[in-house]
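Each chain, written out:
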Amino acid sequence: MRVEHFLRDSARTCRHKVALVAGERRLTFGDLDGASDRLAAALSRRGVSRGDRVVVFLDNCWEAVVAIFAVMKAGAVLCPINPSTKAAKLGWLLDHCRASAMILQDRWAASAKAALAQAHCVKLTIMVGELDPTGFPDGIRFDDAIAGSAACPLEAPAGIDLDLAMLIYTSGSTGLPKGVMITHQNAAASATSVISYLHNTPDDIILNALPISFSYGLYQVLMAAKVGATLILEKSFVFPHSILEKMGAERATGIPIVPSIASTILQMKSLRGAAFPHLRYITNAGAALPPSHAERLQELFPAARIYSMYGMTECHRGTWLPPDQLRSRPGSVGIAIPNTETYVVDGDGNRVAPGVVGELVIRGAHVMKGYWENPAATDSTLRPGPYSWEKVLYTGDLFRSDEQGYLYFVARKDDVIKTGAQKVSPKEVENAIYALPGILEVAVVGVPDPVLGMAIKAVVVPGPKADLTPRDVIRHCAKHLEDFMVPRIVEFRDGLPKTESGKIRRRQVASEISETER
Amino acid sequence: MTAEIETQVRSLIEDNFLFREDRTSLSDTESLIDAGLIDSTGILELVAFLEERFKIEIADADLLPENFDSIHRIVAYVARVRATAPSAS
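What counts, and at which threshold
Residues numbered from 1 in each chain as written. Chains lettered and ligands numbered in written order. Predicted model: local features only at pLDDT ≥ 70, side-chain atom pairs only at ≥ 80, totals over all residues. Helix = DSSP H or I, 4+ residues; strand = E, 2+ residues; numbered from the N terminus. Rg over C-alpha atoms; globule rule 2.2 N^0.38 Å. Buried ≥ 20, exposed ≤ 12 C-beta atoms within 10 Å, placed from the backbone. Contact = placed C-beta atoms within 7 Å. Nonpolar A, V, L, I, M, F, W, Y, C, P; charged D, E, K, R; others polar. Domains from an automatic or database assignment. Pairing = 2+ DSSP bridges. Right-handed = clockwise from strand over helix to strand, strands pointing away.

**Some points on the overall build of chain A**
Okay, so step 1: Regarding its fold elements, chain A presents 15 helices and 27 strands.
Okay, so step 2: Relative to the 2.2 N^0.38 estimate, which gives 24 Å for 518 residues, the radius of gyration of chain A is 23 Å and therefore close to what a compact globule would have.
Okay, so step 3: For chain A, the C-alpha atoms occupy an extent of roughly 70 × 55 × 55 Å along the three principal directions.
Okay, so step 4: For chain A, buried positions account for 53% of its 518 residues.
Okay, so step 5: Nonlocal contacts in chain A, meaning residues at least 24 apart in sequence, comprise 65% of its contacts between residues at least 6 apart.

Right, here's the structure in full:
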């Protein structure tokens, strides 16, 4: 099944039901289907063809949901990009996937314009907001693109479900992002599996404040459309009280969170338990929920089943812990999601016994097709599995299992830092810092943080004449990196440990820091 | 009085919250969220600063965009809370 049929089918069965609430806007399934048909038609008319990449550079707004389905209806590949991405990287991404169109928010038009100067592939720009898109390649306003009530001329099928649905960029250990290729079949397999264990129904009202440029947030949109549930889309969790009020007012039945959101909720002084009788479930992913947080969340939301899960962009979701196991298996992220398999292997790819730490391998129809035009990275991640005719996903994450096969995350295999549910390549941050004049050496590491799990720390050796403060380094990073990649802490030192060949020993810096902080 | 609060709030935001490449200033009424200046950890830092600097206590229920999502709103909120707790300095 292709992903746009999630919406088409729900629009047929429950046309007048509210599909989306975003701020003051409420759209029915019929509204959403119609608007995305019109936007798809506009994309096609203006030259977007089957398989073309369309970058969606939007925050959590109703237009983004329209855009997601419109891109797929046009047969194109959705490429969602975090709106805090800065010009140079945005330009790199546009160029790397050779995007033919970009749908963007006017607020980030300056960054986008600078990015477009280095990405001549983009032939069409659709601007959300008030800004006049004149000066952008074939610029039109989003509102104009979806205006009118003309029936959709896109009667022909947009493609088949083996086609790419999405290209989602994720941090790679080399410092260059990798584009995860997800087919419609992959996305449908993943959404179907998750829906089955969450028991989602059309009665669900899902409140999502996770960025939809992030796979976990994006799938909330897809899954809600698939079951015909209502999605409440919030921009962020910055004002937790507002979100919880909305949750109560809209009678939300499900909320996806990451550990930093759990910390924010638990820090609220006035929150009382039992105030959300409609809340049926809370899912956690991105990083493991500390057992004490899981316990306190359960006290605050006694009616909710708490699902501890693990996943990665490469398959969206890997494991889930049945909520009745939460107390008896603290810290576990559970078992393979339905209709998939997971197992732990040693360095030679052989399965290890319970309790032994090894790399987690995932097998299922939800596993990506590879990294966009990056065969080396693809080959090291998708490797031969138990059968000669298939490849399986090597996650790069070290796990162990208990006697019953429940999985526990141990560590990353590489130096990639998991901060607030996002993966950050230390190399990418180091490269940004080296661009600041006067920097001699830098090592970027993760340090434990009560809210983020890990916080980014940069250990910097400034040159003798450098007139720099740690604040300058942070400011520089904020101008060039996505928000979640900006170091929270910068420490200046006289030197860093190195190998005989002069390579900085990043791991040694990290382990020394964690020793001192113990 | 309000002017003094405003100066302090503005300098706090300009010194501590990080402007992205395409922006060098912020108007009094602009949304801090829309400007990409504040995230969920940033808001907690802002609350801690305001509580300490202005000797006020900020209730969870007050932590709303209506009170915090622009310099103008923060200044009005701080002035209002201080007015109801005149002993604070």
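**Some remarks on the interface of chain A and chain B**
Reports often express the size of an interface as the amount of accessible area lost when the parts come together.
Okay, so step 1: Taken together, the 27 residues of chain A in the interface contact 18 residues of chain B.
Okay, so step 2: Of all the secondary structure elements, the ones that give two or more residues to the side of chain A that touches chain B are helix 5 (109-116), helix 9 (240-249), helix 10 (259-267) and helix 14 (470-480) of chain A.
Okay, so step 3: Examining the composition of the side of chain A that touches chain B, we find that 5 residues originate from one element, helix 14 of chain A, more than from any other.
Okay, so step 4: Class assignment for the residues of the side of chain A that touches chain B results in 11 nonpolar, 9 polar and 7 charged.

**A closer look at the environment of Leu360 of chain A**
All names here are of chain A.
Okay, so step 1: With respect to the secondary-structure elements, Leu360 resides in strand 18 (residues 358-363).
Okay, so step 2: Linking Leu360 and Val344, residues 16 residues apart in sequence, is a C-alpha distance of 4.5 Å.
Okay, so step 3: Contact partners of Leu360, with chain neighbours within four places excluded, come to Thr342, Val344, Thr395, Asp397, Phe399 and Leu407.

**Observations regarding the domain arrangement of chain A**
Residue and element names in this part refer to chain A.
Okay, so step 1: Entries for chain A in the domain assignment read domain 1 (4-184), domain 2 (237-412) and domain 3 (417-516).
Okay, so step 2: The C-alpha centroid of domain 2 is placed 28 Å from the C-alpha centroid of domain 1.
Okay, so step 3: Tallying the contact residues gives 12 residues for domain 1 and 10 residues for domain 2.
Okay, so step 4: Elements that contribute at least two residues to the side of domain 1 that touches domain 2 include exactly strand 8 (164-170) and strand 9 (178-183).
Okay, so step 5: Per-element accounting of the side of domain 1 that touches domain 2 gives the leading share, 6 residues, to strand 9.
Okay, so step 6: Taken together, the residues that form the side of domain 1 that touches domain 2 break down as 7 nonpolar, 4 polar and 1 charged.

**Some thoughts on the pairing of strand 13 (residues 281-284) of chain A**
The two faces of a sheet get side chains in turn, since along a regular strand they alternate between them.
Residue and element names in this part refer to chain A.
Okay, so step 1: Side chains Tyr281 and Thr283 project from strand 13 onto one buried face, and the interleaved Ile282 and Asn284 project onto a second face that is buried too.
Okay, so step 2: Judged from the 4 bridges that link them, strand 12 (residues 254-257) and strand 13 form a sheet pairing that is parallel. By the bridge assignment, Gly254 is partnered in strand 13 with Tyr281.
Okay, so step 3: As defined by bridge partners, strand 13 adjoins strand 14 (residues 305-310) across 4 bridges and the pair is classed as parallel. Within strand 14, the residue paired with Ile282 across the bridge is Ile306.
Okay, so step 4: The parallel pair strand 13 and strand 14, bridged by helix 11 (residues 291-300), forms a crossover whose chirality is right-handed.

**Quick word on unusual backbone geometry**
Okay, so step 1: Even without being glycine, Asn339 of chain A reaches a positive phi, approximately 65°.
Okay, so step 2: Residue position: Asn339 of chain A is located in the loop between strand 16 (335-336) and strand 17 (341-345).

**Considering the environment of Gln105 of chain A**
All names here are of chain A.
Okay, so step 1: If you trace the backbone, Gln105 turns up in strand 5 (residues 101-105).
Okay, so step 2: Residue classification places Gln105 among the buried residues on the basis of 21 C-beta atoms within 10 Å.
Okay, so step 3: Residue contacts for Gln105: discarding those within four places in its chain leaves Phe57, Leu58, Asp59, Pro83, Val128 and Gly129.

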